[in-house]
There are 2 protein chains.
Amino acid sequence: MKNFSRQREAVLSVIRSTDTHPTADWIYEEARKIIPNISLGTVYRNLTELKNSGDIISIDVGDGKEHFDRDISPHLHLSCKNCGKITDVALLDDPFKNYYGKAGFIPENCRYVISGICEACKL
Amino acid sequence: MKNFSRQREAVLSVIRSTDTHPTADWIYEEARKIIPNISLGTVYRNLTELKNSGDIISIDVGDGKEHFDRDISPHLHLSCKNCGKITDVALLDDPFKNYYGKAGFIPENCRYVISGICEACKL
DNA sequence: AATAAAACAGTAATCATTACTGATTTCAAA
DNA sequence: TTTGAAATCAGTAATGATTACTGTTTTATT
């Protein structure tokens, strides 16, 4: 197990407690329930560290905020423009493997996001 | 042909003049070469309109700025963390069709981005 | 032309994120 | 254990991309 600071453990445990793709602000509020005086800057710094270490990823769904994700495997995100819900879709394997392989590209972070209208909202 | 204002035409023509996935600021600077006193707010408003009308799309590559793209077909973006270059990879067809079809999702905007190291930077 | 609606230029405000500062904690070597 | 350098922290200030506002100009319709 990695030797993380108490603050970094708190941030990571908050992200791992949910599948809702939280924002930095939400993570901050939750982390304060564990460490009441944790600072927002600390949350941001540790989010960056956790991204760099590959423990989490982040995605952009077009609302101007960064959303974090405990699931680091390549998967698809369906983001509803109406209700804001983000749905994960597991992939059997990365459908783009052949494409970036051919281009000689070394992937580090895959973000596959489709915005649209979810089944519950389309009526 | 749609009846666009002079300013919206200028913004669209700037985007269509390049395959470099420009930011709002770059588009603003270029648009000023066509309409010297065009305002940044006008550029932003028309970028939003052009996105809503489906004439352009935008992607996020993790640098905190929105990047615009004249190519509205589903395609893959390879974004180099080292040199910042964004490479388009054409797709024969959308590899996620089966996935969101099953979920009953109506797609409007597909953003497939992989960050990593491009061939030229890997040495 | 007269009118209303839409789009504009210019500027001010917003707000997510980053940078900074001085204090605290960690931890390896003595 | 002390010691001291490096890392991390809390708290706050600054940044900067984007959005909102205001009063003016353009456009479209009668």
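Residues numbered from 1 in each chain as written. Chains lettered and ligands numbered in written order. Predicted model: local features only at pLDDT ≥ 70, side-chain atom pairs only at ≥ 80, totals over all residues. Heavy atoms only, no water.

1. Some remarks on the packing of aromatic side chains
Next up, step 1: By the definition in use, this model includes eight aromatic pairs over all chains.
Next up, step 2: Measuring from centroid to centroid gives 5.0 Å for B:Phe96 and B:Tyr112, while their planes differ by 70°, and the two rings are edge-to-face. Here B:Tyr112 lies in strand β5 (residues 106-117) and B:Phe96 lies in the loop between β4 (86-90) and α4 (97-102), a separation of 16 residues in the sequence.
Next up, step 3: The rings of A:Phe96, A:Tyr99, A:Tyr112, B:Phe96, B:Tyr99 and B:Tyr112 are connected pair by pair, giving a single aromatic cluster.
Next up, step 4: The ring centre of A:Phe4 lies 5.5 Å from the NZ or CZ of A:Arg8, which sits over that ring. (Phe/Tyr/Trp six-rings, centres within 6.5 Å; stacked < 30°, edge-to-face > 60°. Helix = DSSP H or I, 4+ residues; strand = E, 2+ residues; numbered from the N terminus. Lys NZ or Arg CZ within 6 Å of the ring centre and 35° of its normal.)

2. Things to note about the protein's contact with DNA strand C
Next up, step 1: In the vicinity of DNA strand C, 16 residues are found, and the nearest of them are A:Asn3, A:Tyr44, B:Ser5, B:Thr42 and B:Arg45.
Next up, step 2: Separating a phosphate oxygen of DNA strand C from a backbone N or O atom of A:Glu66 is a distance of 2.9 Å.
Next up, step 3: The side chain of B:Ser5 places a nitrogen or oxygen atom 2.5 Å from a phosphate oxygen of DNA strand C.
Next up, step 4: Within the residue set of the surface near DNA strand C, elements represented by two or more residues are α3 (40-52) of chain A together with α1 (6-16) and α3 (40-52) of chain B.
Next up, step 5: The leading source of residues in the surface near DNA strand C is α3(B), at three residues.
Next up, step 6: Here the residues of the surface near DNA strand C sort into four nonpolar, eight polar and four charged. (Near = heavy atom within 4 Å. Polar contact = N/O pair within 3.5 Å; in protein donor to acceptor, adjacent residues only side chain to side chain. Nonpolar A, V, L, I, M, F, W, Y, C, P; charged D, E, K, R; others polar.)

3. Brief notes about the relation of the copies chain B and chain A
Next up, step 1: Aligned on chain A, chain B shows an RMSD of 0.1 Å; the corresponding rotation is 180° and the shift along the axis is 0.0 Å. Here the copies are linked by what is in effect a two-fold axis. Minimal C-alpha distance to the rotation axis in chain B is attained by B:Tyr112, lying at 2.2 Å.
Next up, step 2: The residues that chain B uses at the interface reappear at the interface of chain A in 100% of cases, marking a shared surface. (Least-squares fit on C-alpha atoms with pLDDT ≥ 70 in both. Contact = heavy atoms within 4.5 Å.)

4. Here's the deal with the sheet that holds β5(B)
Next up, step 1: Ordered by their spatial adjacency, six strands build an open sheet running β4(A)-β3(A)-β5(A)-β5(B)-β3(B)-β4(B), and the pairing between neighbours is mixed. What marks the edges here is a single partner per strand, and that holds for β4 (86-90) of chain A together with β4 of chain B. If you compare each strand with its neighbour and ignore which way they point, the axes differ by 25° on average.
Next up, step 2: Bridging between strand β3 (residues 75-80) of chain B and β4(B) involves five bridges; their strand directions are antiparallel. By the bridge assignment, B:His75 is partnered in β4(B) with B:Ala90. (Pairing = 2+ DSSP bridges. Axes fitted to C-alpha atoms, helices over the stretch in contact; angles between N-to-C directions.)

5. Thoughts on the interface of chain B and chain A
Many analyses report the size of an interface as the accessible area lost when the parts associate.
Next up, step 1: On the side of chain A, 34 residues touch chain B, which itself brings 34 residues to the contact.
Next up, step 2: Approximately 3,000 Å² of surface area, both sides summed, lies buried where chain B meets chain A, with 62% of it carried by carbon and sulfur atoms.
Next up, step 3: The largest share of the area that chain B buries against chain A comes from B:Tyr99, B:Phe105 and B:Arg111, three residues that together contribute 22% of it.
Next up, step 4: The tally of links from chain B across to chain A stands at two salt bridges.
Next up, step 5: B:Lys81 serves as the salt-bridge partner of A:Glu108, at 2.9 Å between the closest nitrogen and oxygen.
Next up, step 6: Linking chain B with chain A are 15 residue pairs in polar contact (both at pLDDT 80 or more), by the criterion used here.
Next up, step 7: Mapped by element, the contributors of at least two residues to the side of chain B that touches chain A are β3, β4, α4, β5 and α5 (119-122) of chain B. (Buried area = accessible area lost by both parts, 1.4 Å probe. Salt bridge = Lys/Arg side-chain N within 4 Å of Asp/Glu carboxyl O.)

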